[in-house]
Amino acid sequence: MSQRTFQFRLHSSHASPDRATQSLVVEFLAESGQWEPQHPSLTTPGFRLYLLSLLLCQHFYLVANAQERAIPLQRVEGSFSVLTSVDWILEQLNGDFVLHLDPAAPAEERSRADAEAITSISERMKLCPVSRNLPTTVQKAIGLRLGA
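Note that this is a predicted model, so its numbers are computed, not measured. (Residues numbered from 1 in each chain as written. Predicted model: local features only at pLDDT ≥ 70, side-chain atom pairs only at ≥ 80, totals over all residues. Heavy atoms only, no water.)

## Things to note about the overall build of the chain
As a reminder of what qualifies: Strands here are runs of E lasting at least two residues and helices are runs of H or I lasting at least four, both read from the DSSP assignment and numbered beginning at the N terminus. Note on classification: 1.4 Å probe, protein chains only; a residue is buried when its accessible area is under 20% of the maximum for its type, exposed when over 50%, partly exposed between these limits. In what follows, a contact means two residues having at least one pair of non-hydrogen atoms within 4.5 Å. Per-residue and other accessible areas were derived by the Shrake-Rupley procedure at a 1.4 Å probe size, with only the shown protein chains allowed to occlude residues.
The number of helices and strands found in the chain is four helices and six strands. Going from N to C terminus, the chain has its helices and strands arranged as β-β-β-α-β-β-α-α-α-β. Each of the three principal axes of the chain carries a C-alpha extent, and together these read 50 × 30 × 25 Å. In the chain, which comprises 148 residues, the share counted as buried stands at 38%. Of the contacts made within the chain by residues no fewer than 6 positions apart, 66% connect residues no fewer than 24 positions apart. Just so you have it, the chain exposes about 8,200 Å², and 53% of that area is on carbon and sulfur atoms.

Structure follows, in C-alpha cells:
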C-alpha cells in the first residue's frame, strides 16, 4: 500500500525578558522539493491546517512549559514528518524539537534546562489536545533535546 509523506520544519525565536515567541516560521516541503513558508488562511487545504495544528500545538506546549520553568530559550528548531495511507489516514507522526538556550543568560538560568526539565517538558507536550485526539493506531514519536 502506498503512503503519503508530509514534512514541516519550524524555527522560532524567544527574547528576554519573558521569552515569549518573537518570531515563528513554519515551512512545508512541497512536491517540488522546495521548502515553502506557511501562512495559513481560509484557503489553506484543510488537511494541511490539521497537520499545522499538530505541529503548532507541540511548539506551544514546549514554549509554555519552558517559560514556566524560567528556562532562557533563545530559539527552537523543529522538524515534523507525518505518514498517511493513500486514503489520507494518519499512520505515523515523528517530531524532533531542539531547544537552544540564550548564551548571554546567567549559568544558573541555563542550568534549569537539565535532563529532568527536558523530560518533564517532553511529557507535558504529550498533553497537547490536538495530539491527544489522534487515534490510538497512530504511531507517535516526539523528541525534545537541548542543542549546542
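## Quick look at the sheet that holds strand β2 (residues 21-29)
Operational definition: By this definition, two strands are paired if DSSP reports at least two bridges between them. Lines fitted to the C-alpha atoms define the axes, with helices restricted to the stretch that makes contact. Angles between their N-to-C directions range from 0 to 180 degrees.
Across the sheet, six strands lie side by side as β3-β2-β1-β4-β5-β6; this open sheet has mixed pairing. Because the sheet does not close on itself, it has two edges, and the strands there are β3 (35-37) and β6 (139-146). Going across the sheet, the axis of each strand differs from the next one's by a mean of 20 degrees, ignoring polarity. Sheet analysis places strand β4 (residues 73-85) next to strand β5 (residues 90-101), joined by 11 bridges and oriented antiparallel. Paired with V76 across the two strands is L99, which belongs to β5. Relative to strand β1 (residues 3-14), helix α1 (residues 46-68) is tilted by about 35 degrees, and along the sheet it contacts β1, β2, β4, β5 and β6.

## With respect to the pattern of salt bridges
The line we're drawing: Should a side-chain nitrogen of Lys or Arg be within 4 Å of a carboxyl oxygen of Asp or Glu, the pair is scored as a salt bridge.
Inspection of every chain in the model, using the stated rule, returns seven salt bridges. The closest approach of N and O atoms between R75 and E77, which form a salt bridge, is 3.3 Å. Using a relative accessible area of 31% as the deciding quantity, one classes R75 as partly exposed.

## Focus on the packing of aromatic side chains
For the record, the criterion: For this analysis, a ring pair means two rings from Phe, Tyr or Trp (six-membered ring only for Trp) whose centres lie within 6.5 Å, classed as stacked if their planes differ by under 30 degrees, edge-to-face if by over 60, and tilted for the remaining angles. Both a distance and an angle decide whether a charge sits over a ring: NZ of Lys or CZ of Arg must be within 6 Å of the ring centre and within 35 degrees of the ring normal.
All chains considered together, the criterion is met by six aromatic pairs. Measuring from ring centre to ring centre gives 6.2 Å for F47 and Y50, while their planes differ by 45 degrees; the resulting arrangement is tilted. Of this pair, F47 and Y50 both sit in helix α1, three residues apart, roughly one helical turn. The exposure class assigned to F47 is partly exposed, which follows from its relative accessible area of 21%. Put simply, the rings of F6, F47, Y50 and W88 touch in pairs and so form one group of aromatic residues. The lysine or arginine in question, R48, covers the ring of F28, its NZ or CZ lying 3.9 Å from the ring centre.

## Things to note about the state of the cysteines
Note the following rule: Note on disulfides: each one is a pair of cysteine sulfur atoms within 2.5 Å.
The full count for this structure, using the stated rule, is one disulfide. Each sulfur of the disulfide joining C57 and C128 lies 1.9 Å from the other. Taking the sign of the torsion about the S-S bond as the criterion, the disulfide between C57 and C128, at about 130 degrees, is right-handed. Residue C57 is found in helix α1, and its partner C128 is found in the loop between α3 (115-125) and α4 (129-132); the two are separated by 71 residues along the sequence. Each of the two residues, C57 as well as C128, counts as buried.

Fair warning: the whole summary comes from geometry, so function is off the table for now.
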